[in-house]
Amino acid sequence: MSRFRSPWMSILVLLFLLTTVTLISVNSGALALSFHTLWNSSFDDMEWQIWLDIRLPRVLLAILVGGALAISGAIMQGLFRNSLADPGLLGISSGAALMVAIVIILPFSFSSAFAFYSHIVAAFVGGLIVAMIIFSLHQLSDGNLARLLLAGIAINALCMSFIGVLSYISTDQQLRQFSLWMMGSLSQIDWKTLSIATLVIIPVSILACWQSHKLNLLQLGDEEAHYLGLNVRRTKFILLLLSAILIGCAVALSGVIGFIGLVVPHLIRMRIGSNHVWLLPATILGGATLLLAADTLSRTLVSPAEIPVGLITGLIGGPYFLWLILRQPAGRMS
């Protein structure tokens, strides 16, 4: 392995890129802020209030959500042993979105203590239900990817149909709130929300990285992994649960942001290989960098207005996914 392709070198490069994009992002926006300006201002000035209460929490949320989406994609691809598997394409994100739509639009009554967490819980439950359905279909179809993708398309269509019905019966305010949420946005963020994201995403991501050796064994096939002493069914359930938690939390906090879980793990795997000991942490850094860069573009391209970040990632990921499918050899899809 060449020095350029060394996992350590790749991780250091990704860490450098994330640091660079972070420094650019915290100083970019409708109001350009620089560290020199902040240094010459007091903490009571408007510049510091914008930087601490708006800019910095948003940057940190983009890092957390991008890392969560990317590592969940890497887990799904490793679990199904195919680089085309993705939580969005398989309908997991749509399932999470449907449950959030139910909570937003239907007249549920929550206590004030639970209302703040209702979106996170709903997104997690919706993502987990669809993940279990996909996992069961994968087991019944003997790992046939074509059937899996078709099942994901069907689940996506079904969830979007129910979302359409809920949107039709919603009020104008509910429809606007849900429509903006569906496009993906990191603008509705404060330190309380960020603390919840941190307490969920970071521990679950660490647990996922802790499962990297078991995920490597699963690449050998279920029978071989079983003979090597791995409890295959329990390991797959744990990995699926961790992925659903990450997707549910990310969708609840930022809306539906597509293709991060597909593009980033695939690119990282092309660079450092399929050893999940290195792949998972590198994927976290890559996903955080990509989403942070996309969010920075979303709030600077048409400043002072803002483009939903989900549209930016869709414009990046859509053509890449099309190229990925077209380059597959004949018969490889099944």
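Residues numbered from 1 in each chain as written. Predicted model: local features only at pLDDT ≥ 70, side-chain atom pairs only at ≥ 80, totals over all residues. Heavy atoms only, no water.

## Digging into the overall build of the protein chain
Selection criterion: Only DSSP runs of H or I covering at least 4 residues are called helices, and only runs of E covering at least 2 are called strands; the numbering of each starts at the N terminus. A 1.4 Å probe rolled over the protein chains alone gives each residue an accessible area, and that area as a share of the maximum for its type sets the label: buried under 20%, exposed over 50%, partly exposed in between. In what follows, residue pairs with any heavy atoms lying within 4.5 Å of each other are defined as contacts. Reported accessibility uses the Shrake-Rupley method at a 1.4 Å probe radius. Residues are deemed covered only where the shown protein chains occlude them.
Check the secondary structure of the protein chain and you find 15 helices and zero strands. Looking at the protein chain residue by residue over its 334 residues, the buried ones come to 49%. By sequence separation, contacts in the protein chain at least 24 residues apart represent 77% of the contacts at least 6 residues apart. When the accessible surface of the protein chain is split by element, carbon and sulfur atoms take 69% of a total near 16,200 Å².

## What about the environment of Phe-259?
With respect to the helices, strands and loops of the structure, Phe-259 is situated in the loop between helix H12 (232–254) and helix H13 (260–272). Overall, Phe-259 belongs to the partly exposed group, its relative accessible area being 23%. When the C-alpha atoms of Phe-259 and Gly-310 are compared, they prove to be 9.1 Å apart, with 51 residues separating the residues in sequence. Residue contacts for Phe-259: discarding those within four places in its chain leaves Thr-313, Gly-314, Gly-317, Gly-318 and Phe-321.

## Looking at the UniProt feature "transmembrane region" (unreviewed entry) in the protein chain
This is how the line gets drawn: UniProt positions are given in the numbering used here, feature names are shortened, and annotations may be inferred rather than shown by experiment.
UniProt's feature table lists "transmembrane region" (unreviewed entry) at residues 56–76, 88–110, 116–137, 149–169, 237–264, 276–294 and 306–326, given in the numbering used throughout. The annotated region residues 56–76 carries 100% helix and 0% strand content, and the separation between its end C-alpha atoms amounts to 30 Å. Along residues 276–294, the helical share is 100% and the strand share 0%, with 26 Å between the first and last C-alpha atoms.

## Concerning the confidence of the model for the protein chain
Note the cut-off: Scored from 0 to 100, pLDDT reflects the predictor's confidence in each residue.
Mean pLDDT over the protein chain stands at 82; residues scoring 70 or higher make up 87%. No element of the protein chain has a lower mean pLDDT than helix H5 (residues 112–115), which averages 59, and none a higher one than helix H14 (residues 276–298), which averages 94.

## Side note on the environment of Ala-70
Here Ala-70 is to be found in helix H3 (residues 46–80). Take Ala-70: its relative accessible area is 0%, and that puts it in the buried class. It is 9.8 Å that separates the C-alpha atoms of Ala-70 and Pro-281, two residues lying 211 residues apart in sequence.

## Overview of the packing of aromatic side chains
Just so we agree on the cut-off: Stacked, tilted and edge-to-face pairs are distinguished by plane angle, under 30 degrees for stacked and over 60 for edge-to-face with tilted covering the rest, among Phe, Tyr and Trp rings (Trp via its six-membered ring) whose centres lie within 6.5 Å.
For the structure shown, the criterion picks out one aromatic pair. Taking 5.3 Å as the distance between ring centres and 70° as the angle between the ring planes, the aromatic pair formed by Trp-8 and Trp-278 counts as edge-to-face. Highlighted residues: Trp-8 in helix H1 (residues 7–26) and Trp-278 in helix H14, separated in sequence by 270 residues.

## Re the packing of H13 against helix H15 (residues 309–326)
For clarity, the threshold we go by: Between N-to-C directions, angles span 0 to 180 degrees; the directions come from axes that are lines fitted to C-alpha atoms, helices contributing only their stretch in contact. Should an angle lie under 35 degrees it is considered roughly parallel, over 145 roughly antiparallel, and from 65 to 115 roughly perpendicular; all remaining angles are considered oblique. Helix crossings are classified by the rotation of the near helix relative to the far one: an anticlockwise turn of less than a right angle makes the crossing left-handed, while a clockwise turn makes it right-handed. Side-chain classes are defined by residue name, with Ala, Val, Leu, Ile, Met, Phe, Trp, Tyr, Cys and Pro counting as nonpolar, Asp, Glu, Lys and Arg as charged, and the others, Gly among them, as polar.
Contact geometry for H13 and H15: axes closest at 9 Å, N-to-C directions at 55°. In terms of orientation, H13 and H15 fall into the oblique class. Considering only the axes of H13 and H15, their crossing is left-handed. Across the interface between the two elements, Ile-260, Leu-262, Val-263, His-266, Leu-267 and Met-270 from H13 touch Thr-313, Gly-317, Tyr-320, Phe-321 and Leu-324 from H15. Partitioning the contact of H13 with H15 into residue classes produces eight nonpolar, three polar and no charged.

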